[in-house]
Amino acid sequence: MNISHEIIFTSMLQALIGKYGVMLTTKDCAQALGISTRTLDERRKAAIDCPEFLEAKKGIMFPVQNVVKYQIEKSKQCIQTH
């Protein structure tokens, strides 16, 4: 990661931690990604186009750093930086 990507990663990480904490529920993750919980669940079950997650006693949890990594990778597919 270059410095600008590190700054973006850190900023996004801090913003999500401030809003949701270090582990996101399905609802929180879907909200952060701007999709429905149903869409997120379908993607997760199909193991396609979804942040890495953990299966916990409380249900499915998304570590915040995995959500940020996912968002950055998705943005690279949409935006070319120089």
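Basis of the calculations
Residues numbered from 1 in each chain as written. Predicted model: local features only at pLDDT ≥ 70, side-chain atom pairs only at ≥ 80, totals over all residues. Heavy atoms only, no water. Pairing = 2+ DSSP bridges. Helix = DSSP H or I, 4+ residues; strand = E, 2+ residues; numbered from the N terminus. Salt bridge = Lys/Arg side-chain N within 4 Å of Asp/Glu carboxyl O. Buried < 20%, exposed > 50% of the residue type's maximum accessible area, 1.4 Å probe, protein only. Phe/Tyr/Trp six-rings, centres within 6.5 Å; stacked < 30°, edge-to-face > 60°. Lys NZ or Arg CZ within 6 Å of the ring centre and 35° of its normal. Contact = heavy atoms within 4.5 Å. Polar contact = N/O pair within 3.5 Å; in protein donor to acceptor, adjacent residues only side chain to side chain.

(A) View of the sheet that holds strand 1 (residues 23-24). Pairing in this open sheet of three strands is antiparallel, and the strands run 1-3-2 from one edge to the other. The two strands at the open ends of the sheet, each matched to only one other strand, are strand 1 and strand 2 (54-56). Where strand 1 meets strand 3 (residues 59-63), two bridges bridge the pair, whose relative direction is antiparallel. By the bridge assignment, M23 is partnered in strand 3 with P63.

(B) Examining the pattern of salt bridges more closely. All chains considered together, the criterion is met by four salt bridges. Linking E42 and R38 is a salt bridge whose minimum nitrogen-to-oxygen distance equals 3.1 Å. Of the two residues, E42 and R38 both sit in helix 3 (residues 37-46), four residues apart, roughly one turn of that helix. Where K74 meets D49, a salt bridge forms, and the shortest distance between an N and an O atom there is 3.0 Å. Linking K74 in helix 4 (residues 64-78) with D49 in the loop between helix 3 and strand 2, this pair joins segments that are 25 residues apart in sequence. Classification of D49 as partly exposed rests on a relative accessible area of 30%.

(C) Broad picture of the packing of aromatic side chains. Under the defined criterion, the tally for this structure stands at one aromatic pair. For the ring pair F53 and F62, a centre distance of 6.0 Å and an interplane angle of 55° mean the geometry is tilted. Note that R44 overlies the ring of F53, its terminal NZ or CZ placed 5.6 Å from the centroid.

(D) Looking closely at the environment of T37. By the secondary structure assignment, T37 is in helix 3. Using a relative accessible area of 35% as the deciding quantity, one classes T37 as partly exposed. Setting aside chain neighbours within four positions, we find T37 in contact with T26, K27 and A30.

(E) Examining the pairing of strand 3 more closely. Among the five residues that make up strand 3, four are buried, leaving the element largely enclosed by the rest of the structure. Between the antiparallel neighbours strand 2 and strand 3 lie two residues.

(F) Structural view of the side chain of N66. Within the secondary structure, N66 sits in helix 4. Here E52 takes part through its backbone oxygen, which lies 3.3 Å from a polar atom of the side chain of N66. If we skip the residues at most four places from it in the chain, N66 touches P51 and E52.

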